[in-house]
Amino acid sequence: RDGRELPIELSITETSYGGERVFIGFLRDISDRKAAEVALRESEARLAAVYNHALVGIAEVDREGRFLAANEQYAVITGYTIDELRLRTLFDITHPDDVERDQSLFEKQWSGAGDGYTLEKRYIRKDGSAIWVELSASIVRGGAFGGVLGSSNAECAVKRETWLSSESNTLNTSASLRVISGK
């Protein structure tokens, strides 16, 4: 009534009335739905900006530890491209001496014995070098997606034997790991 335009949904149905073919139209104001869609897109854009431009490594893995997604910083930490990570599991890039302990904690978390864990371990980078990370993993059960969501914040302490000098230096960066399952 005030002259402003509204987004609407129109549904038209054919029927018969008094022996004549007629069409009935139903209009519905979908302003609230459209506003919610805009808010969701803005929220997703903010999350994508944090995910993609974070100075921390973020990765998502499924129940078996397969990489579903990762940000550029995670790729930098591991030395693998994001596409190469998708062909691997979390355990494929974990140092062999650390796999058993990592898998044990990972399984305990998924079995419900705990909501999270912290682990200092090594990744084997694509170039074969080892990189130390402190992985703090947590899991969130349920939610709107109807599955299990594991979220890990990992602070990576990259320890180098030599770095531009004979002294040992530590470069601190961060990584995050999110575990997702539809189960």
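Being a predicted model, the structure only gives us computed values, none of them experimental.

A.B. asks: So, helix α4 (residues 96-111): which residues are in play, and what are the values?
C.D. replies: Spacing of three or four residues puts side chains on the same side of an α-helix, whose turn is 3.6 residues. Its 16 residues give α4 an end-to-end C-alpha distance of 23 Å, which sits within 8% of 22 Å, the value for a rise of 1.5 Å per residue. Glycine 112, located one to two residues past α4, shows a positive phi value of around 100 degrees.

A.B. asks: Which residues make up a nonpolar patch on the surface, and what values do they have?
C.D. replies: A surface patch of nonpolar side chains, amounting to about 630 Å² of accessible area, comprises Leu6, Ile8, Leu10, Ile12, Phe23 and Leu27. Those elements that place two or more of their residues in the nonpolar patch are β1 (8-17) and β2 (20-29). Mapped onto the fold, isoleucine 12 is located in strand β1.

A.B. asks: Any chance you could break down the packing of aromatic side chains for me, citing the residues and the numbers?
C.D. replies: The tally for this structure, following the rule as stated, stands at 4 aromatic pairs. Geometrically, the ring pair formed by phenylalanine 67 and tyrosine 74 is tilted, given 5.7 Å between the ring centres and 55 degrees between the ring planes. One aromatic cluster is present, formed by Phe67, Tyr74 and Tyr123 through successive ring pairs.

A.B. asks: Give a description of the pairing of β2 that names residues and reports values.
C.D. replies: In terms of burial, β2 is largely open, as just 0 of its 10 residues are buried. As paired strands, β1 and β2 are joined by 10 bridges and run antiparallel to one another. Across the sheet, serine 16 pairs through a bridge with arginine 21, a residue of β2. Between β1 and β2, which follow one another and run antiparallel, lie 2 residues, and glycine 18 among them has a positive phi close to 60 degrees.

A.B. asks: Can you tell me about the pairing of strand β4 (residues 67-70), naming the residues and giving the values?
C.D. replies: Alignment of strand β3 (residues 56-61) against β4, held across 3 bridges, turns out to be antiparallel. Each residue of the ladder has a partner; that of alanine 59, found in β4, is alanine 70. Counted along the chain from β3 to the antiparallel partner β4, the turn is 5 residues long, and its residue glycine 65 has a positive phi close to 90 degrees.

Cut-offs applied
- Residues numbered from 1 in each chain as written.
- Predicted model: local features only at pLDDT ≥ 70, side-chain atom pairs only at ≥ 80, totals over all residues.
- Heavy atoms only, no water.
- Helix = DSSP H or I, 4+ residues; strand = E, 2+ residues; numbered from the N terminus.
- Expected span 1.5 Å × (residues − 1).
- Patch = residues over 30% accessible without salt bridge, like charges linked within 9 Å, V, L, I, M, F, W, Y side chains within 5 Å.
- Areas by Shrake-Rupley, 256 points an atom, 1.4 Å probe, with all protein chains shown as cover.
- Salt bridge = Lys/Arg side-chain N within 4 Å of Asp/Glu carboxyl O.
- Phe/Tyr/Trp six-rings, centres within 6.5 Å; stacked < 30°, edge-to-face > 60°.
- Buried < 20%, exposed > 50% of the residue type's maximum accessible area, 1.4 Å probe, protein only.
- Pairing = 2+ DSSP bridges.

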